[in-house]
Amino acid sequence: MTASLILFGSPLSPFQRKVEAVMALKGLDYDCQAINIMAMPDWYLAISPLARIPALRDTSIATEGSEGTIADSSAICGYLEKKCSAPAAYPDDPYLHGRALWLEEYADSAMAMAGGGGVFRPIIFAAMTGKEPDLDTARKTWNEKLPPRWDYIEQHLDGQPYFLGDTLSIADISIAAQLMQTDLIAGPPDAAKWPALARFLETMNAHEMFQRNLIACQKMLAKMVPEKFDLSA
Ligand SMILES: N[C@@H](CCC(=O)N[C@@H](CS)C(=O)NCC(=O)O)C(=O)O
């Protein structure tokens, strides 16, 4: 039997990874359908007019056209939370809820721009098109742009397991999804400088909710980049 939720995108997208983790956390069954981001088909652009992955179709609402679809990982996760409230991915407390949304936004914008745009893209997009990886750009980003991003989030952990204390939330899922993007090809942040972050990433890498996505990523990446790059030098 096919699942009623279909996620369009690629496992290599940290935004898809975030959505997959929320679905896995909630025990929702889903199918993935690949979208070629270099040449998005018209039917996909009609449901994701900003030309971004991922987008979701809930076939229990509609099976064709834009009806039953939602674009943008944050919109999708917000939808999933309302559709299936337990276990919760968002805190009930208004302040903590606001903080979770802020950290989600920080991960999706600032961390994604540096990690995804400045490290993953120059290496993997090159590999996908048969070119040499742009290691100069990746090294510069790793050594200059990522450290202030990691400093900012490191201080939030402050001896607690999750970003908002003892309870896992969308903040952790979003931040982990972005940290994994660079970890997959260049390893974790240096544990000597960012000990809490390195520990957090290790815990998230082992968490059940990320396994389906990470296994799919590892399979895809093994063909393109058999070994991780040392970008610290
Ligand atoms: N705000 C969007 C961002 C999604 C996004 O930027 N996705 C990237 C892939 S990781 C994309 O679709 N890029 C298309 C392109 O660069 O042409 C979300 O949260 O879903």
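An account of the accompanying structure is given in this report.

What counts and how
- Residues numbered from 1 in each chain as written.
- Predicted model: local features only at pLDDT ≥ 70, side-chain atom pairs only at ≥ 80, totals over all residues.
- Heavy atoms only, no water.
- Pairing = 2+ DSSP bridges.
- Helix = DSSP H or I, 4+ residues; strand = E, 2+ residues; numbered from the N terminus.
- Axes fitted to C-alpha atoms, helices over the stretch in contact; angles between N-to-C directions.
- Buried < 20%, exposed > 50% of the residue type's maximum accessible area, 1.4 Å probe, protein only.
- Contact = heavy atoms within 4.5 Å.

On to the sheet that holds strand β2 (residues 30-34). Judged by pairing direction, the sheet is mixed, and its four strands sit side by side in the order β2-β1-β3-β4 without closing on themselves. The sheet is open, and its two edges are formed by β2 and β4 (69-71), each paired on a single side. Each adjacent strand pair in this sheet contributes to an overall mean axis angle of 20°, direction not counted. In terms of strand pairing, strand β1 (residues 5-9) meets strand β3 (residues 55-58) through four bridges, oriented antiparallel. For I6, the partnering residue across the bridge sits in β3 and is R57.

On to the environment of S48, then. Summarising the element assignment, S48 is placed in the loop between α2 (42-47) and β3. What makes S48 buried here is its relative accessible area of 2%. Excluding residues that lie within four positions of it along the chain, S48 makes contacts with A55 and A71.

This paragraph deals with unusual backbone geometry. Residue P54 is reached from I53 by a cis peptide bond, and omega for that bond is 5°. Residue position: P54 is located in the loop between α2 and β3. A86 connects to P87 through a cis peptide bond whose omega is -5°. Following the sequence through the fold, P87 ends up in the loop between α3 (73-83) and α4 (94-128).

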